[in-house]
Amino acid sequence: MKDKRLYVVEDLCSGCRMCEMVCSFLRIRAYNSRKSKVRIVKVEWEGVNIPIADCDGIDCAKLSPLGVPRCVEACPTGALMFAEAGEAAERRRLLATQRIMQPIFKVIAPWKWPFPWRPWREVAHEEVG
Ligand code: SF4
Ligand code: SF4
């Protein structure tokens, strides 16, 4: 867990607010987004959601059996990650590469998605064949 911290990949956020809910329940055992250390800012005119974390995730990860902060576990798209700086940069690079191959990586991160990295054309062809 050495040198790992919470990172945000803003453009993967779907705005589902699972992270806010989980964090709020951890802290006050109820849902109140204002009590969460990660908040989602919705920018209506741009159609984007931006997670803002007032937390490095380190204490939370120490308390988790998986060694991963609860908000990271709960995030379905991979917009939150707990990683070392180099690892975080590598994941961003992986995302940029995979987006070229598979459009779904516009909404979900490869590190959250167990599907093999192949173009959709190939996958569709195998299913039909
Ligand atoms: S790491 Fe833990 S305390 Fe920090 S924002 Fe995530 S759930 Fe909340
Ligand atoms: S960061 Fe993840 S869990 Fe939080 S709102 Fe965005 S997609 Fe949902």
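Since this is a predicted model, take the numbers as computed values, not measurements.

What counts, and where the lines are drawn
Residues numbered from 1 in each chain as written. Chains lettered and ligands numbered in written order. Predicted model: local features only at pLDDT ≥ 70, side-chain atom pairs only at ≥ 80, totals over all residues. Heavy atoms only, no water. Patch = residues over 30% accessible without salt bridge, like charges linked within 9 Å, V, L, I, M, F, W, Y side chains within 5 Å. Areas by Shrake-Rupley, 256 points an atom, 1.4 Å probe, with all protein chains shown as cover. Salt bridge = Lys/Arg side-chain N within 4 Å of Asp/Glu carboxyl O. Lys, Arg positive; Asp, Glu negative; His and termini not counted. Charge placed at Lys NZ, Arg CZ, Asp CG, Glu CD. Helix = DSSP H or I, 4+ residues; strand = E, 2+ residues; numbered from the N terminus. 1 Å grid on protein atoms, 1.4 Å probe; cavity = no way out; pocket = protein on both sides within 12 Å on 5 of 7 lines; lining within 4 Å. Points joined across faces, edges and corners; volume = space filled by probe spheres on them. Nonpolar A, V, L, I, M, F, W, Y, C, P; charged D, E, K, R; others polar. Buried < 20%, exposed > 50% of the residue type's maximum accessible area, 1.4 Å probe, protein only. Contact = heavy atoms within 4.5 Å.

## Observations concerning a positive patch on the surface
There is a patch of like positive charges on the surface, built from Arg27, Arg34, Lys35, Lys37 and Arg39. Topologically, Arg39 is positioned in strand S2 (residues 38–43).

## Let's talk about the layout of surface pockets
Each pocket or cavity is described by its volume, and for the largest pocket that value is around 370 Å³. Residue lining of the largest pocket: 18 residues in total, with Cys23, Leu26, Cys55, Asp59 and Cys60 positioned closest to the centre. For the lining of the largest pocket, the element with the highest residue contribution is helix H2 (residues 58–63), accounting for four residues. For the lining of the largest pocket, the residue count by class is 11 nonpolar, two polar and five charged.

## Examining unusual backbone geometry
Of note in this structure, Arg17 is not a glycine but carries a positive phi near 70 degrees. Here Arg17 shows up in the loop between strand S1 (5–8) and helix H1 (18–28). On the basis of relative accessibility, which here comes to 27%, the residue Arg17 falls in the partly exposed class. Positive phi, normally seen in glycine, also occurs at Arg29, with a value near 60 degrees.

## Some details on the environment of Val107
Along the chain, Val107 turns up in the loop between helix H4 (85–101) and helix H5 (120–128). The exposure class of Val107 is exposed, given its relative accessible area of 53%. For Val107 and Ser14, which are 93 residues apart along the polypeptide, the C-alpha to C-alpha distance reads 7.2 Å. Contact partners of Val107, with chain neighbours within four places excluded, come to Leu12 and Thr77.

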